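Each chain is listed here by its residues.
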Amino acid sequence: MDFKVDKIVKDNIDLVYVAIIYFVLTLIFFFPLYSNLSNMAYGNGADLYQTLFFLWYVPHALFSNNIYFTHLLFFPIGSSLVTQTLSPLAGILFSFLDFNITLKYNILFIIAFILTGTFSYMLAFYITKDRYASILASFIFTFAPTHMAQAFNHLDWTMIEFIPLYFYFLLRLYNERKSIYAVYAGISLFFASFFGDIEQGIFLIFFTLVILILFIFEDRKEKKYIIKNIYNSALLLGVSFVIAIPFIIEALPYLGNALSTASSVGNSINDNIIWSDNLLSFFLPSIYNYILHYVAENYSYIYYNDPAETTSYIGYITLILVIVSIYYWRKDNNKEIKDYILLFSILSIISFLLSLGPYIVIGKTVTIPSLYILYKLLPIFNIIREPGRFDIFTMLFLSIIAAFGYIKIRDRINSKNEILLLLWILAVIAIEYVGLPITNFSNELLESTYIPKGIYQLGNLSGNFTVMFIPIIPTPTQNAELYPGIAMYYDTALHKPIVGGYIERTNITQNLSVINMPLAIMAYNLLLEQYTNQTPNIEYSSPVLENYTDLMLYTLALYNVSFIVVIKNAYGYAYQYAILSYLNQVFGLPVYSSNNITIFYTAPTLNKDALMYINKTEAIAEGAWITGYALCNQNNISCNATIESLWYPDYNSIAKPYISIYAPITANYTLNFTGLTLPYNTSVYISTYAITQLGLERTGLYNLSLENRLNVYSKNITLEKGINYLYIEPESGIIMLKNMTIEAK
């Protein structure tokens, strides 16, 4: 059967005109954006910059790497992106546009509102068969405070246009039982999942199951209808799955860990509570409302964690229309209308209860468990961390019910000028939802996406090297991940691996890859001091209390960091001066400086000396060294090229102790140390290993005889450029080493 748009709208209104209406409305509500589409975007911190990175990365990696894994972030470990908000289809489809990333982002932003309004109009008109009621319903959904709040934070949940389109085809599928609509619905599900967000697809499948159950109950006496609907539902999912196979194949190597991580990391009951709606928030205007925001600000604790996930204002005009619709529900003689109101009432109640999270919270009071406790038991579905995102569906379902309420009021008052009535209602809802003048408030939410020229200059340099941005550890503020997000966005011009980054649900290894770097901790400590108004002090927190500079150099060499970029806006003047002065002392004058960033070149300093470090030490003496950087503590242990304190390596332990040495060039070096062996003389084997293209390979084996008395020893060894691992293992007994140095010959 041929599908034609004019059969949807019949003779009422052309969808093109509806799209034009929503283009104009979007222009009005977000007018400041249109004056600088290439350098400004709506966002509230790190999520904006993360999305910009993904829009660049997906087409960048499409034919050269796996789009669901990148080595550009959290170098040298890399990062899986399966659970991230990639919106891969958006990145791919818009890759042909020869625009900068910000302009692509803004085009997607504008299109999202135009198509959300158009497609929700299609759904409402199919159900109500009323042009004006459908405009009202689509307006309520498109500019709902929960959608507006997401628009100021998350592009993936701004692009919700395929949600109403999916329900349009799903209802036609179940009503008309024509398999062609299963194909259309499957395509819509695919677009919602991969153009918008994979969580949208999970939500849609969940509500599909709910609607299917309700239709099965309705058709319980008609077995053939039940079978047909089940078959079409399976066909729908099958179509979506087949189209998604290229993405599934890409994600498959990381899917198992991703599902496990998404179900556990940052997804406990306590996390769900944080990202749930407070019952009061349904009755409080959005904090993004320019006129009425002061009401919500009196309850700022409700929105503190993330307004995008906890803004759920329904609107009193919408509530009145919903109440009117339900009041006249039993009195309506039209069974089809009664069935739709009942269907969307059930769906609204379910989505509303789920948006409240595990426990119903009223103000600051936690009350009874909610329906989400049971939802949490459902595999796959329970990877949703933010129950508040059910708001989107609550508003869609309520908008349909409100449309019927509008029809009832219009028919009862017998308005002679329906356009004026509709415009009056829309104007009041607009004030309730977004406030006026919207241009002033939306201008405050615009973020600059300017990339300093120095970043482009680094990107033009040849060679394999890593860049470290500081600060790179999330700051102790509400917008914690802002600077890691900016670093990630700058990489769209840099095209080089960076230390750290910003992704949701990081694993412990990724976090440690950043935290283990003294420079990262030092930069973070400065922010702590700034946050608590302390005097700026360059230091590395416990366990390293002294000589952290040498350990910092070692870790920079280990990560192949050639440039350090200081994001100056993170620091006030005194704290900025402290970090820049310190780096200037270590690396010399910066190679680039602007109002935004300062860049230091590390290679000349790192290539001066070999650096020594003992790792995974197992000791048999009380108070001896422990694993990791703790050995660089107050026990007179130096991390530059000398190990001064005693070392009792225990080779009976599971993890054999080794010395890690960074060599600036491949050359012969002299290993010096003072040592003895117990209980008698023995031979000592010195093995060197280095990481090559084939993995960890032994590069040398040396023999040395140690006596049962303290003596000074030297051994010539060859070290490869980069990181080398040195094992010193006695043939028998135990050894004691001290005053160890490594010198270039």
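None of these values were measured; they are calculated from a predicted model.

Turning our attention to the pattern of salt bridges. This structure, assessed with the given rule, holds 13 salt bridges. Salt-bridge contacts for K335 lead to E218; the nearest nitrogen and oxygen are separated by 3.3 Å. Here the residue K335 occupies a position in helix α17 (residues 335-355), and E218 occupies one in helix α11 (residues 198-218), the gap between them amounting to 117 residues. Look at K335 and you get exposed, because its relative accessible area is 51%. Close ionic contact of E418 with R410 constitutes a salt bridge, the shortest N to O distance being 2.7 Å. Residue E418 is classed as buried on the basis of its relative accessible area, which comes to 18%. A cluster of three or more residues bridged by salt bridges with shared partners is formed by E199, E309, R385, E386 and R389.

Considering only enclosed or pocket space, the second largest pocket measures out at about 880 Å³ in volume. Forming the walls of the second largest pocket are 26 residues, and the residues nearest its centre are N464, A557, N560, K721 and G722. The residue makeup of the lining of the second largest pocket, split by class, is 14 nonpolar, nine polar and three charged.

The biggest cluster of nonpolar side chains holds 208 residues, and the ones touching the most others in it are F167, F344, F393, M468, F469, L556 and L583. Per-element tally for this core: the top contributor is helix α6 (residues 101-128), with 16 residues. If we skip the residues at most four places from it in the chain, F344 touches I127, L171, F397, I400 and I401. Among the nonpolar cores identified, the runner-up in size contains 20 residues, and Y669, L704, I728 and I735 belong to it.

Take the confidence of the model for the protein chain next. Per-residue confidence for the protein chain averages 84 on the pLDDT scale, and 86% of its residues sit at or above 70. Counting contacts from residues 541-547, a segment whose pLDDT is below 50, to residues more than four positions away or on other chains yields 17 contacts. Between residues 613-645, whose pLDDT stays under 50, and residues either more than four places distant or in other chains, the model counts 98 contacts.

Turning our eyes to something else, we now look at the side chain of N672. Examined against the element boundaries, N672 turns out to sit in strand β14 (residues 667-678). Engagement of the side chain of N672 in a polar contact is seen with the side chain of S714, the distance being 2.7 Å. Not counting chain neighbours up to four residues away, the residues in contact with N672 comprise Y713, S714, N739, M740, T741 and E743.

Each value, and the rule that gives it
Residues numbered from 1 in each chain as written. Predicted model: local features only at pLDDT ≥ 70, side-chain atom pairs only at ≥ 80, totals over all residues. Heavy atoms only, no water. Salt bridge = Lys/Arg side-chain N within 4 Å of Asp/Glu carboxyl O. Helix = DSSP H or I, 4+ residues; strand = E, 2+ residues; numbered from the N terminus. Buried < 20%, exposed > 50% of the residue type's maximum accessible area, 1.4 Å probe, protein only. 1 Å grid on protein atoms, 1.4 Å probe; cavity = no way out; pocket = protein on both sides within 12 Å on 5 of 7 lines; lining within 4 Å. Points joined across faces, edges and corners; volume = space filled by probe spheres on them. Nonpolar A, V, L, I, M, F, W, Y, C, P; charged D, E, K, R; others polar. Core = buried A, V, L, I, M, F, W, Y, C linked by side-chain atoms within 4.5 Å. Contact = heavy atoms within 4.5 Å. pLDDT = per-residue confidence, 0-100. Polar contact = N/O pair within 3.5 Å; in protein donor to acceptor, adjacent residues only side chain to side chain.

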